[in-house]
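Spelled out from the first residue to the last, the chains are:
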Amino acid sequence: MDTDTDPAATPAAPLGAAPGAAPGAAPEPLPLAGLTVVAVEQAVSAPFATRQLADLGARVIKVERPDGGDFARAYDTAAHGLASHFVWANRGKESLALDLKDPRGLGVLHELLAGADVFVQNLAQGAAARLGLDAATLCARYPRLVAVDVSGYGPEGPYAHKRAYDMLVQCEAGLVSVTGTPGLPVKAGIPAADIAAAMYAFSGVLAALLRRGTTGRGGPVEVSMLDALAEWMGHPLHHTMHGGEQPVRTGLAHAVIAPYDAYPTADGDRVLLSVQNDREWARLARQVLGRPDLAEDPAYATNAARTRGREKTDAVVAEALGRLGADEAVGLLEAAGIACARLNSVAQLAAHPQLAARDRWRQVDSPVGPLRALLPPIGLPGGAEPRMGAVPALGEHTDALLRALGMTGAQITALRRDGVIA
């Protein structure tokens, strides 16, 4: 981590200073300091999970193919020449470029696993088992190891060997069917299935480590993208199973509340507002719309009436907000106690005043120089700040790791000559 390159990235006060702590008191160490994680990972689901572990202090050794490494490295060049997905999901790791199909490469991996606490893999279904790297096999060989299998659809069943990219799983899990407008289903704008699986893998590792603390044994952890996203579909799933009807797609609108949508403002922005009850509607009508008569009008006074006449409701709100700039609209809505938000772009998120006010930005080193990155969402007041280490170049740590295992320079040179390492 390099915060000296940008004065704005330096915290005004140490995050490690606990409330009421004596000045200069040392912060508590990061909770995963001293743990070693080995990951044979690619794309997003497993890398994002292990990045959480690295942020919390674990040493993460990322094993990549010598011929190009994690294929997410080549997704784009948007991050000053690096791939944006890779930068996001791989900071704070050591890169070991190793051919696991060569017995010598696999032997190196097992030397690392003998001293590791956690192993995470998301190879194509069946590939890990063929190499003896599935969680069950590894946990039998290394009883204290927590081994995680991240897959698309799970290890058995008719979909076990089906390709499982994020958008495909979003479709299979029904997320796309409830996202979009009435006439157009759309995928989520972020890799929701990958992120869901990553966060369950992360929490699964923490749970298994807690269990190891009492039993002395690690054990396998199993997470599938479909299972993870199906859990996130809980509301529409239960609504459909128990109510008999799937929730309709309504874009930004709410299916059963009106007004609840984003409305254009005079300066070209959009402001979303949500009226949760009829008292709020009355305040909106009087203080924002300039139509106190609508507070008592039977066609608008109740949510049931406003929802039945959604087009008229939306039209009267849109007309009022269309005369205002976004700042003025938000000010009036907040003064009236109406929940509201700007419909921000990604660039506006990057400049969000709340993130700036809470000092959420840091600088992360990379092969192309410092890159701006957000602090992890998990806060540990009184503890050391999350370790936001550098984004590694492919094979950047190969030689150092092999020397730490006792290899000589000649042995390392021979492995590189034979393409076993890079």
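What you see is a predicted model, and the numbers here were worked out from it, not measured in a lab.

**Q** Looking at this model, I keep getting lost on the sheet that holds strand β1 (residues 36-40). Mind explaining?
**A** To summarise the sheet geometry, strands pair through backbone hydrogen bonds and adopt either a parallel or an antiparallel arrangement. Taken together, six strands build an open sheet; the order of strands is β3-β2-β1-β4-β5-β8 and the sheet is parallel. Looking at strand neighbours, the two that pair on one side only are β3 (93-97) and β8 (219-224), the edges of this open sheet. Each strand of the sheet is rotated relative to its neighbour by a mean of 20°, with strand direction disregarded. Where β1 and strand β4 (residues 118-121) come together, four bridges link them in parallel fashion. In the sheet register, V40 faces β4, and the bridge partner there is Q121. Each of β4, β5 (146-151) and β8 touches helix α7 (residues 192-215); the most contacted strand, β8, lies at about 165° to it.

**Q** Is there a simple way to think about the pairing of strand β10 (residues 270-274) in this case?
**A** Along any regular strand the residues' side chains alternate between the sheet's two faces. Extensive coverage of β10 is indicated by the burial of four of its five residues. Here five bridges tie strand β9 (residues 260-264) to β10, and the two strands are oriented antiparallel to one another. By the bridge assignment, Y263 is partnered in β10 with V271. Hairpin connection, β9 to β10: the antiparallel pair is bridged by five residues, and G268 has positive phi, about 90°. Relative to strand β11 (residues 339-342), β10 runs antiparallel, the two being bridged by four bridges. Counted as the bridge partner of L273 is C340 from β11.

**Q** Please clarify how the packing of helix α1 (residues 45-55) against α7 should be interpreted in this entry.
**A** Angle between the axes and distance between the axes: these two values describe a pair of packed helices. Closest axis-to-axis distance for the α1/α7 pair is 8 Å, and the angle between their directions is 45°. For the element pair α1 / α7, the angle class is oblique. Considering the relative orientation of α1 and α7, their crossing is right-handed. Judged by residue contacts, S45, F48, A49, Q52 and L53 of α1 engage D194, I195, A197, A198, M199, A201, F202, V205 and L206 from α7. Among the residues making up the contact of α1 with α7, the classes are represented as 11 nonpolar, two polar and one charged.

**Q** Just to check I follow, could you spell out the pairing of strand β2 (residues 59-64) for this structure?
**A** Burial analysis of β2 places five of its six residues in the buried class, the great majority of the element. Relative to β2, β1 runs parallel, the two sharing five bridges. Across the sheet, V38 pairs through a bridge with I61, a residue of β2. In this region the chain leaves β1, passes through α1 and returns to the parallel neighbour β2; the handedness of that crossover is right-handed. Both β2 and β3 contribute to a ladder of five bridges, which runs parallel. Paired with V63 across the two strands is L96, which belongs to β3.

**Q** I'm lost on the side chain of Q121 in this one. Help?
**A** On the secondary structure map, Q121 appears in strand β4. A polar contact is formed between the side chain of Q121 and the backbone nitrogen of L123, at a distance of 2.7 Å. At 2.8 Å, the side chain of Q121 and the side chain of D149 are in polar contact. Setting aside residues no more than four positions away along its own chain, Q121 makes contact with V40, A128, L133, V148, D149 and V150.

**Q** Looking at this structure, how should I read the packing of aromatic side chains?
**A** Aromatic rings considered in pairs are described by the distance between their centres and by the relative angle of their planes. For the structure on display, the rule yields four aromatic pairs. Here the aromatic rings of Y153 and Y159 are separated by 5.3 Å at their centres, their planes lie at 70°, and the arrangement is edge-to-face. Among the residues examined, Y153 registers a relative accessible area of 8% and is labelled buried. Of the residues examined, Y159 reaches a relative accessible area of 36% and is grouped as partly exposed. Aromatic side chains W281 and Y300 sit 6.1 Å apart centroid to centroid with 10° between the ring planes, which places their arrangement in the stacked category. Taken together, the residues W281 in helix α10 (residues 278-287) and Y300 in the loop between α10 and α11 (303-308) connect sequence positions 19 residues apart. In terms of burial, W281 and Y300 fall into one category: buried.

**Q** So what exactly am I meant to see when it comes to helix α8 (residues 225-232) here?
**A** Note that an α-helix has 3.6 residues per turn; residues three or four places apart therefore point the same way. Those residues of α8 that fall on the buried side of the exposure criterion are M225, A228 and L229. All buried residues of α8 project into a common sector of 90° when viewed along the axis, lining one side. Check the buried side of α8 and you find it contacts β5, α6 (166-172), α7 and β8.

**Q** Looking at this model, I keep getting lost on the sheet that holds β11. Mind explaining?
**A** The strand order across the open sheet formed by three strands is β9-β10-β11, and the pairing between neighbours is antiparallel. Each edge of the open sheet is held by one strand with a lone partner, namely β9 and β11. Neighbour-to-neighbour, the strand axes of this sheet turn through a mean angle of 25°, independent of strand direction. Seen against the sheet, helix α13 (residues 326-335) touches β10 and β11 and runs at an angle of roughly 160° to β11.

**Q** Before we go on, may I ask you to explain the environment of M225 in this structure?
**A** Mapped onto the elements, M225 comes out in helix α8. M225 sits in the buried class, given a relative accessible area of 4%. Once the C-alpha coordinates of M225 and S45 are considered, the two residues, 180 residues apart in sequence, prove to be 8.2 Å apart. If we ignore the near neighbours within four places in the chain, the residues touching M225 are S151, G152, A164, Y165, D166, V169, A193, D194 and A197.

**Q** In this structure, what is going on with helix α12 (residues 310-321)? I would like to understand it.
**A** An ideal rise of 1.5 Å per residue puts 16 Å on 12 residues; α12 measures up with 16 Å between its terminal C-alpha atoms. Taken as a whole, α12 has its buried residues at R310, T313, D314, V316, V317, A320 and L321. Angular distribution of buried residues about the axis of α12 spans 165°; they occupy a single face of the element. Relative to its buried face, α12 has exposed residues pointing more than 90 degrees away, namely E311 and E319. Residues of α12 that are buried in the fold lie against β9, β10, α10, α11 and α13.

Parameters and conventions
Residues numbered from 1 in each chain as written. Predicted model: local features only at pLDDT ≥ 70, side-chain atom pairs only at ≥ 80, totals over all residues. Heavy atoms only, no water. Pairing = 2+ DSSP bridges. Helix = DSSP H or I, 4+ residues; strand = E, 2+ residues; numbered from the N terminus. Axes fitted to C-alpha atoms, helices over the stretch in contact; angles between N-to-C directions. Contact = heavy atoms within 4.5 Å. Buried < 20%, exposed > 50% of the residue type's maximum accessible area, 1.4 Å probe, protein only. Parallel < 35°, antiparallel > 145°, perpendicular 65-115°, else oblique. Left-handed = near helix turned anticlockwise from the far one by under 90°. Nonpolar A, V, L, I, M, F, W, Y, C, P; charged D, E, K, R; others polar. Right-handed = clockwise from strand over helix to strand, strands pointing away. Polar contact = N/O pair within 3.5 Å; in protein donor to acceptor, adjacent residues only side chain to side chain. Phe/Tyr/Trp six-rings, centres within 6.5 Å; stacked < 30°, edge-to-face > 60°. Arc of directions from axis to C-beta. Expected span 1.5 Å × (residues − 1).

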